[in-house]
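Chain residues, written in single-letter form:
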Amino acid sequence: MQYWLMKSEPDAWSWEQQVKRGAAGEIWSGVRNYTARNHMRAMKLGDQVFFYHSNIGLEIVGICEVNELSKQDPTTDDARWDCVTIRALAPMPKPVKLKDVKENPKLEGMSLVTSFRLSVQPVTAAEWKEVCRMGGIDPKTLKAV
């Protein structure tokens, strides 16, 4: 399994809206950055994703999973742009703020710190475990600890 972080402005698409989509999930459309697109193309079914509220909140608020592989983004006719579908799995018991990620030496190399503008980012297994710990969630069961 691979791990990722996907950013959304909560006034455009929030964690609460993602949860309401249920098992069907929601397409992650509108990405117009080649690196972010390539990350979506690398995603596999079942990969887990941190859901990050950007601009407002600046925090990781939940965990999702990829439930449909990369395909043509239906919001454009331009074949260069893809999207995946993700579904909500669990809320983060304690949202993990960007400032706390930046202050944690174990996360100094995390893309959220080094490539903070990128909307779709890889997360290493070690980073995943540390952020889950910070958020009060067991990374294996996705239950609060």
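Below: a short report on this structure. Everything numeric here is computed off the predicted structure, so don't read it as measured data.

1. Some points on the overall build of the protein
Here is step 1 of the chain: In terms of regular secondary structure, the protein is built from five helices and six strands.
Here is step 2 of the chain: Along the protein, from the amino end to the carboxyl end, the secondary structure elements read β-α-β-α-β-β-β-α-α-β-α.
Here is step 3 of the chain: Projected onto its principal axes, the C-alpha coordinates of the protein cover approximately 45 × 30 × 30 Å.
Here is step 4 of the chain: By sequence separation, contacts in the protein at least 24 residues apart represent 68% of the contacts at least 6 residues apart.
Here is step 5 of the chain: Counting only carbon and sulfur atoms, one obtains 53% of the accessible surface of the protein, whose full area is about 7400 Å².
Here is step 6 of the chain: Distance between charge centres in the protein, computed from 20 positive and 18 negative side chains, equals 3 Å.

2. Here's the deal with the side chain of E59
Here is step 1 of the chain: Locating E59 in the fold gives a position in strand 4 (residues 59–72).
Here is step 2 of the chain: Classification of E59 by relative accessible area gives buried; the value is 14%.
Here is step 3 of the chain: A polar contact is formed between the side chain of E59 and the side chain of K97, at a distance of 2.8 Å.
Here is step 4 of the chain: Apart from the residues lying within four places of it in its own chain, the contact partners of E59 are F51, Y52, H53, P95, V96, K97 and L98.

Definitions and cut-offs
Residues numbered from 1 in each chain as written. Predicted model: local features only at pLDDT ≥ 70, side-chain atom pairs only at ≥ 80, totals over all residues. Heavy atoms only, no water. Helix = DSSP H or I, 4+ residues; strand = E, 2+ residues; numbered from the N terminus. Contact = heavy atoms within 4.5 Å. Areas by Shrake-Rupley, 256 points an atom, 1.4 Å probe, with all protein chains shown as cover. Lys, Arg positive; Asp, Glu negative; His and termini not counted. Charge placed at Lys NZ, Arg CZ, Asp CG, Glu CD. Buried < 20%, exposed > 50% of the residue type's maximum accessible area, 1.4 Å probe, protein only. Polar contact = N/O pair within 3.5 Å; in protein donor to acceptor, adjacent residues only side chain to side chain.

Function cannot be inferred from these measures alone, as they are strictly geometric.
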